[in-house]
Amino acid sequence: MSSAVLSAAPELQNYVNGEWRRSSATEFVDVTNPATMEVLARTPISTSADVDAAVKAAADAFPAWRRTPPGERVQYLFKLKTLLEEHIDELATITTRENGKTFGEAKAEMRRGIENVEVACGIPMMMQGHVLEDVTPGVDEMQIRQPLGVVAAIVPFNFPAMISFWFLPYAIACGNTFVLKPSERVPLTMHRAMELLEKTGLPKGVVNIVNGGKDVVNALCDHPEVRAISFVGSTPVAKHVYTRAAASGKRMQCQGGAKNHVIVLPDADMDLAKQIISDSAFGCAGQRCLAVSVAVTIGEAQKTFRDAITQAASAIRVGNGMDSGVQMGPVISGQSKQRIEGMISAGVKEGAKALLDGRNTKIGGYESGSFLTPTVLDGLPLDSQLAHTEIFGPVLSLIHANSIDEGIEFLRRSPYGNQASLFTTNGAAARKFRYEAPAGNIGINIGVAAPMAYFPFSGWKESFFGILHGQGRDAVEFYTESKIVVERWSRQETRKF
Ligand code: NAD
């Protein structure tokens, strides 16, 4: 909710040039716990003047930071890793309160974030270039990697910590200075993480945070001193950021939305499949860009999988993510709940049968929370609109195909390509799927094929705009400029010594 009227909740500050500062905002967005509707804080909708101040601080910090040896730069990250480990329960609690996911899910998210800090600690090796002597007699040629300057990241609501850490550690380890724009709906986790980063003694201006919404995003896209932007969010905004920032010649990596499919073959281990696919579809209340959203059953799997998944999904305990035993929390907001309920209704209207219907859920003790229970839609027509639309909620649609080829063809028609999975016990089918499936992250008997930090996160089609992805070696290439040096020294000079 956006308002110019001040509520009692504390106003967040930006972090600029090594200090917490009030933004020049006149508008604020409430940060609301979606399980209880308690207002936790107010996010300032910062202005382009706030962006300018942060970019200037980052630009001023760049020359000295760039000259700091990589082995010294990563010492701050080693300290940060230790601090994040020590405060993991506190950080996970903040994430659960602002985002709604369960405490266990929030802790697992933090762990994936820490993994990126660990990988970036290897920059003194990963950032190395290479040399070839005597490309012609007495002439040597080398490729070296140099930081870009000021870089920025714009992140979504569903992983407040992990997605910020897909970018921050690599960017600064490579010698860049950094501006982060958290999601205005969940800014508190990275606020606390920044307080921990501050404790490492990181020089001022190396990392800055500007809170806000689209005005901050557009100001970062247009700013002449920002050299590169990493974006994660919905496809329409990813496209907007990609094109707008390209107009000022920036390097971009923009991750967009998703509609992920799993194909279930009749020979699959159904006990394994139902558990893993249920975790994938309903974990984090379906608000994961790698959540399975459509299960395509082949042959007899239509009945066996339908019965198994309905039973597994109906057993999921929904409630406040801080309460023990809860397996699924609320979706991010009341507005989001309404949007998802509308999509379930549209699916039913288009011909699907709701085997489980999560609309109008009320959880005792949390009546105002934005809860849905898991929904399973059977027989969604292949040509229905919902079959190709991202829902981003706890809804799994079941579709039937006669062969694996027909299933893969259906995946090809999807505009998205973030993830595709196959459940089978047949190696040849698995290889065919790995070879032909049109998506960037492939799972074989895996429900959430999330790449470890040392591999890139490879979305395709409308799920990614750019060339170099986040994480792994791609991150190092994205955050560095390649320079080629061809070098000759006169032999006469050596004779002097
Ligand atoms: P969103 O696109 O609404 O917001 C993402 C960021 O863009 C936020 O920081 C927001 O402030 C900003 N923003 C929103 N509207 C804008 C506009 N009109 N102009 C400029 N900036 C704008 O996304 P969200 O709702 O926060 O996150 C959910 C989406 O993110 C889903 O579509 C999901 O699939 C996607 N996602 C993708 C990945 C991936 O790796 N591909 C990962 C996580 C989430």
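Below is a summary of the structure that appears in this document. From a predicted model like this one, the values you see are computed outputs, not experimental measurements.

This brings us to the pattern of salt bridges. All told, the structure shown has 27 salt bridges when counted by the stated rule. Between Lys337 and Glu341 there is a salt bridge; the shortest N-O distance is 3.2 Å. Taken together, the positions of Lys337 and Glu341, both in helix α13 (residues 334-349) and four residues apart, correspond to about one turn of that helix. Across this residue pair, the class does not change: Lys337 and Glu341 are buried. Residues Arg412 and Glu436 are paired through a salt bridge, measuring 4.0 Å at the closest nitrogen-oxygen approach.

So, on to the site of the ligand. Around the ligand lies a shell of 28 residues, among which Glu184, Ser234, Gln255, Gly256 and Glu390 are the nearest. A distance of 2.8 Å is found between an oxygen atom of the ligand and a backbone nitrogen or oxygen belonging to Val155. Here Phe157 contributes a backbone N or O atom positioned 3.1 Å from an oxygen atom of the ligand. Considered class by class, the residues forming the shell around the ligand number 14 nonpolar, nine polar and five charged. Counting only domains with at least three residues in the shell around the ligand, you end up with domain 1 (14-256 + 463-484) and domain 2 (260-444).

Among all positions in helix α15 (residues 427-436), only Ala429, Ala430 and Phe433 are buried. When α15 is viewed along its axis, its buried side chains cluster within an angular range of 100° and face the same direction. Structural note: α15 exposes Gly427, Ala428, Arg434 and Tyr435 on the side pointing more than 90 degrees away from its buried face. Tucked inside the fold, the buried residues of α15 contact β13 (260-264), α14 (404-413), β19 (419-423) and β20 (441-444). One side-chain oxygen of the residue at the start of α15 lies 2.8 Å from the amide nitrogen of Ala428, identifying that residue as Asn426.

All right, on to the packing of helix α2 (residues 70-86) against helix α4 (residues 103-120) then. For the pair α2 and α4, the least separation of the axes is 9 Å and the interaxial angle reads 160°. It follows from the interaxial angle that α2 and α4 lie roughly antiparallel. The interaxial crossing formed by α2 with α4 has left-handed handedness. Along the contact surface, α2 presents Val74, Leu77, Leu80, Lys81, Leu84 and Glu85, while α4 presents Met110, Arg111, Ile114, Val117, Glu118 and Ala120. Residues of the contact of α2 with α4, tallied by class, amount to eight nonpolar, no polar and four charged.

Helix length check: helix α8 (residues 188-199) (twelve residues) gives 17 Å between terminal C-alpha atoms against 16 Å at 1.5 Å per residue, within 8%. Those residues of α8 lying buried are Leu188, Thr189, Met190, His191, Arg192, Ala193, Met194, Leu196 and Leu197. In the stretch just after α8, Gly201 is the one whose phi turns positive, near 85°.

Along the chain, Ile94 turns up in helix α3 (residues 88-99). Put simply, Ile94 and Met190 are 96 residues apart on the chain and 9.5 Å apart in space, counted from C-alpha to C-alpha. The residues touching Ile94, leaving out its near neighbours within four places in the chain, are Leu188, Thr189 and Arg192.

Across a sheet, strands are paired by hydrogen bonds formed along the backbone, either parallel or antiparallel in direction. Reading across the sheet, the three strands line up as β6-β7-β23 and stay open at both edges, with antiparallel pairing between neighbours. Looking at strand neighbours, the two that pair on one side only are β6 (130-136) and β23 (480-488), the edges of this open sheet. For this sheet the average axis-to-axis angle between neighbouring strands, irrespective of direction, equals 25°. With four bridges joining them, β6 and strand β7 (residues 139-147) adopt antiparallel strand pairing.

Attention now moves to the pairing of strand β16 (residues 375-378). Neither face of β16 is exposed, since Thr375 and Leu377 on one face and Val376 and Asp378 on the opposite face are all buried. Relative to strand β17 (residues 395-401), β16 runs parallel, the two being bridged by four bridges. Across the sheet, Val376 pairs through a bridge with Leu396, a residue of β17.

Once that is clear, we can look at the nonpolar core. Within the largest apolar cluster, 58 residues are counted, with the highest numbers of intra-cluster contacts made by Leu84, Phe167, Ile172, Phe178 and Val207. If you tally residues by element for this core, the top one is α2, at six residues. In this structure, this core is formed jointly by two domains, domain 1 (14-256 + 463-484) and domain 2 (260-444), each of which donates at least three residues. Beyond its immediate sequence surroundings of up to four residues, Ile172 is in contact with Trp65, Arg73, Leu77, Phe178, Leu202, Val206 and Val207. The next biggest cluster of nonpolar side chains, apart from the first, holds 56 residues, and it includes Ala35, Ile263, Ala273 and Leu380.

About the criteria used
Residues numbered from 1 in each chain as written. Predicted model: local features only at pLDDT ≥ 70, side-chain atom pairs only at ≥ 80, totals over all residues. Heavy atoms only, no water. Salt bridge = Lys/Arg side-chain N within 4 Å of Asp/Glu carboxyl O. Helix = DSSP H or I, 4+ residues; strand = E, 2+ residues; numbered from the N terminus. Buried < 20%, exposed > 50% of the residue type's maximum accessible area, 1.4 Å probe, protein only. Near = heavy atom within 4 Å. Polar contact = N/O pair within 3.5 Å; in protein donor to acceptor, adjacent residues only side chain to side chain. Nonpolar A, V, L, I, M, F, W, Y, C, P; charged D, E, K, R; others polar. Domains from an automatic or database assignment. Arc of directions from axis to C-beta. Contact = heavy atoms within 4.5 Å. Axes fitted to C-alpha atoms, helices over the stretch in contact; angles between N-to-C directions. Parallel < 35°, antiparallel > 145°, perpendicular 65-115°, else oblique. Left-handed = near helix turned anticlockwise from the far one by under 90°. Expected span 1.5 Å × (residues − 1). Pairing = 2+ DSSP bridges. Core = buried A, V, L, I, M, F, W, Y, C linked by side-chain atoms within 4.5 Å.

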